[in-house]
There are 2 protein chains.
Amino acid sequence: MNGAESALHTARAAGIDLCLANPGTTEMPLVAALDAVPGIRAVLGLFEGVCTGAADGYARMTGRPALTLLHLGPGFANGIANLHNARRARTPVVNLVGDHATWHLDADAPLTSDIVSLASPVSAFVRTTRTARELPGDVAAALAAACEPPGGGATLVVPADCQWEEAGGPAPVAVPGAPAAPDADAVAAAAEALGERAALLLGGAALSARGQRAAARAAGARGARVIAETFWSRMERGAGLPALERLPYFPEQALESLRAVTDLVLVGATDPVAFFGYPGLPSRLAAEGCRVHVLADPAQDAEAALEALADAVEAPPRAPEGAPAERPAPGSGALDPGNLGATLAAGLPEGAIVVDEGATSGLPLYLASAAAPPHDFLTLTGGAIGQGPPCATGAALACPDRRVLSLQADGSGMYTLQALWTQARESLDVTTVVCANRSYRILQIELGRAGIAEPGPSARALTDLTHPELDWCALARGMGVPGERVETAEELARALEASFREPGPRLVEAVLG
Amino acid sequence: MNGAESALHTARAAGIDLCLANPGTTEMPLVAALDAVPGIRAVLGLFEGVCTGAADGYARMTGRPALTLLHLGPGFANGIANLHNARRARTPVVNLVGDHATWHLDADAPLTSDIVSLASPVSAFVRTTRTARELPGDVAAALAAACEPPGGGATLVVPADCQWEEAGGPAPVAVPGAPAAPDADAVAAAAEALGERAALLLGGAALSARGQRAAARAAGARGARVIAETFWSRMERGAGLPALERLPYFPEQALESLRAVTDLVLVGATDPVAFFGYPGLPSRLAAEGCRVHVLADPAQDAEAALEALADAVEAPPRAPEGAPAERPAPGSGALDPGNLGATLAAGLPEGAIVVDEGATSGLPLYLASAAAPPHDFLTLTGGAIGQGPPCATGAALACPDRRVLSLQADGSGMYTLQALWTQARESLDVTTVVCANRSYRILQIELGRAGIAEPGPSARALTDLTHPELDWCALARGMGVPGERVETAEELARALEASFREPGPRLVEAVLG
């Protein structure tokens, strides 16, 4: 058994069942091994950012890593942006990156580069395999590192000769450790702090339904607030779950939201900071003098910690009633972000997975869908745009019996539009709604915030997406995905209904006024 | 004057006139400065790989760097693959990468990452600016480093506060040094070595018309061969220039080509090595015992060195007559790479710039166009696919009065198809011919070379681009570029003629049987 086969047997025995790949010559033995080792589905992405973003989406929904298979330094580099998002989501991902044969590296052939330097910023674990016999053990170490709570990216550089030479068969993989149990002192301190001017800030696993119910019990008993961090990996939500505030994006609003909070209790979240630094505004968002308590760090069991906290404050055993199921009325008339969000929330199927890269057009859907039928809501954790279409692809691969609603900004979507092809090839149930406002709207807002009231021609050229307008339906059709353009909320509602009825991917270009 | 304005005044005074940008919030002061500082054209790419690849193409044709303006680590990462190609082409490129305000870095906000670690593998110069007042000097240092022969990538990380705070105005930029003069001993040694079993291997500036003529004089006087390296940055060619061999891509053929060469004289090229390492084949391509002589390394003046060599071997002052202008007959019937190449060569306009990322479909055009009207020929130097559409975009920005023929493999083209939008927005005279063989054909060949006679379903899935087929005309139309599908050489000839007659971009999807 060669190194490549030994590596994939190792991964399969650890539960890996998906490999998102765009291989090249240096990965051919691993490609062949995908046929020799049963049980690992090989899915092609036409750009590596599709592979890494899909691995992120898959792991967010399953809790298990997928493999990516990438081609040397440049191929890995194309996947970095979405690995950055995965790192911020603390998603387990295992990247196998082919490299030249060990004896060929000194030749400095055209594709040679420093892969470790490229990988380190987005990988909790980086290793270069030295021999075929060490490869299965290295794969096992990468898997263990990725799954170590709170989860992270692991990158293994695999020279081609380590794939094709004889190895000794698979290596054992350590069963990943469970998240660390809650710390009794932290629970006691949080219980002490919890009062009417306290807030629980939830992130990571605290945003499961179980975590939210326990948070609502604890906070309800003391009149404290429960707030979700601004961007999270995966949130369960919808009818029956308690209400949850969301920390605003812009620092002025976030500072205002936290102004009166004297005790901020972090549960799977980190001390909140501004997304960007602005002149005259602080980095930290908690009020000056606010005491910050860590009930559970991202590697600890946030759900158990919240339940322990609820018990410690002698909360009633049942969480407060959540909102009853209530769909908002769909919007009407010419589309804008508001009626777009209402119309999407009105039509959201039960069990849907919402992937929100709607940028400036995304918030209304979040607000309108709080009491929609139960669903999951995934966000852009690392700010690296082009995450939506790949993440939606991975979520659909993870959950083939659920509909994925991919709410996508047009500027961001152009980064990784190739994901649509994978959705078509794999017949994935993804409905992509492109918020076509024909601009990098957030940058137009930021220009205004920077005091540039009337942008000049260069600033306009760099933030405007007209001349020419993108035709998203043509782009989708070019990759085998049927598309439809809508300009009113009524047309959108009909297009959504048609999409949710039919299996397979579909794109709706929602032209925003 | 703030840091951003001081930086751009510095660049403008050094001759910079183009900035290929995809900025974000941390680059807003530089965006505003593009309006405040006249003379630097701002061109938007809808993905950073478009910006970096276009900067490569622009500098290959002008000899001068363009700026790129990129957004933090993830935005830079999206540009790495084409910076890798630029590095291998030894192209001067200057990247300005925004970062968080210096005082915001410790907050580890979502977009924070180690930009220097990402930049180092593709940059001869990396620096992080510390204060606004140091920014113009840092820009001057980056420009000088990029232009230092043989040319390279320079990456400057510019925190947002260094852009928006007051600075002292522009800094002086050192005039770039000329390439080092030829070494008299090296000329003498090469003259000594030149004989019937010797070969000149040309790369870099040696592939100019002047360099080729001098090489032909020198080699002709001694019966030596003249060979071009396999992949080069820019070659002048066509009718009137002496014939030039090209070192084959696959190592078996390259070894055979060099088997009888006892003295290999490198002129702007490096000691040739195999593109990939294969079992049982060596890394180095020169025969065992072959003496390798460096007439000019890539930082030396290759043209002057070749002229000195020609004089040293007492060559006649005029180069041997090149081939007379002779267009091949266009092909006929159903398209394959052979008649595709012939038909393109038959229609090639004088002064065209050919950007060849045709991969397995590219070689016939090169072979058929040797005596076509004078043109330039640019190739994929670093093996990082997705170079063609951006490089063609940059070449067209550099040379608005010339037609660019972008010969593009379908698999590679999907990596950076967003470049078509920039071609439409800027009304660039680029004719893209997509070689639609519906596969990663090179990988199917490599599977065969690896002994996998009958690929299994995974290997087929990862190398095949059908199910669904890409519709390149729809993709082009989606970005404002008119497209046409052709299936025969006659249809291709008509489509080319129409494209060359009309200004602006056009795409021809050439379906290969």
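Being a predicted model, the structure only gives us computed values, none of them experimental.

Participant: Would you mind going over the sheet that holds strand β4 (residues 93-99) of chain B with me for this structure?
Facilitator: Sheet strands pair via backbone hydrogen bonds, and the direction of the pair is either parallel or antiparallel. Residue and element names in this part refer to chain B. What the 6 strands build is an open sheet, ordered β2-β1-β3-β4-β6-β5; its pairing is parallel. Where the open sheet ends on each side, the last strands, each with one partner, are β2 (41-44) and β5 (125-128). Shown here is a sheet whose adjacent strand axes are inclined to one another by a mean of 20°, direction ignored. Direction of pairing for strand β1 (residues 18-21) relative to strand β3 (residues 67-71): parallel, over a ladder of 3 bridges. Looking at the pairing, L20 lines up with T68 of β3.

Participant: In this structure, what is going on with the environment of Q408(A)? I would like to understand it.
Facilitator: Residues and elements named next belong to chain A. When you line up the elements, Q408 lands in strand β15 (residues 404-409). Looking at Q408, the number of C-beta atoms within 10 Å reads 34, which means it is buried. Sequence separation between Q408 and A359 is 49 residues; the distance between their C-alpha atoms is 7.6 Å. Among residues more than four places away in sequence, those in contact with Q408 are E357, G358, G388, P389, G413, T432, V433, V434 and C435.

Participant: Sorry if this is basic, but what is going on with the packing of helix α3 (residues 48-62) of chain B against helix α5 (residues 80-89) of chain B here?
Facilitator: Residues and elements named next belong to chain B. At a minimum axis distance of 7 Å, the contact between α3 and α5 shows a crossing angle of 20°. With respect to each other, α3 and α5 are oriented roughly parallel. Classified by chirality, the crossing of α5 by α3 is left-handed. Listed contacts from α5 to G49, T52, G53, D56 and R60 of α3 are A81, N82, L83, N85, A86 and A89. Of the residues contributing to the contact of α3 with α5, the split by class is 4 nonpolar, 5 polar and 2 charged.

Participant: Explain unusual backbone geometry to me, please; I cannot follow it from the model alone.
Facilitator: One can expect most non-glycine residues to show negative phi and most peptide bonds to be in trans. All names here are of chain A. Of note, the bond from H467 into P468 is cis; its omega dihedral lies within 30 degrees of zero at -10°. Looking at where P468 falls in the secondary structure, it is placed in the loop between α19 (457-461) and α20 (472-478). A positive phi is found at R438, a non-glycine position, where the angle reads about 60°. Considering the arrangement of structural elements, one finds R438 in the loop between β16 (430-436) and α18 (441-449). Judged by the 15 C-beta atoms lying within 10 Å of it, R438 is partly exposed. Even without being glycine, H467 reaches a positive phi, approximately 55°. Structurally, H467 is set in the loop between α19 and α20. A residue is classified by how many C-beta atoms lie within 10 Å of it, and H467, with 13 of them, is partly exposed.

Conventions we followed
- Residues numbered from 1 in each chain as written.
- Chains lettered and ligands numbered in written order.
- Predicted model: local features only at pLDDT ≥ 70, side-chain atom pairs only at ≥ 80, totals over all residues.
- Pairing = 2+ DSSP bridges.
- Helix = DSSP H or I, 4+ residues; strand = E, 2+ residues; numbered from the N terminus.
- Axes fitted to C-alpha atoms, helices over the stretch in contact; angles between N-to-C directions.
- Buried ≥ 20, exposed ≤ 12 C-beta atoms within 10 Å, placed from the backbone.
- Contact = placed C-beta atoms within 7 Å.
- Parallel < 35°, antiparallel > 145°, perpendicular 65-115°, else oblique.
- Left-handed = near helix turned anticlockwise from the far one by under 90°.
- Nonpolar A, V, L, I, M, F, W, Y, C, P; charged D, E, K, R; others polar.

Limitation: the analysis is restricted to geometry and does not speak to function.
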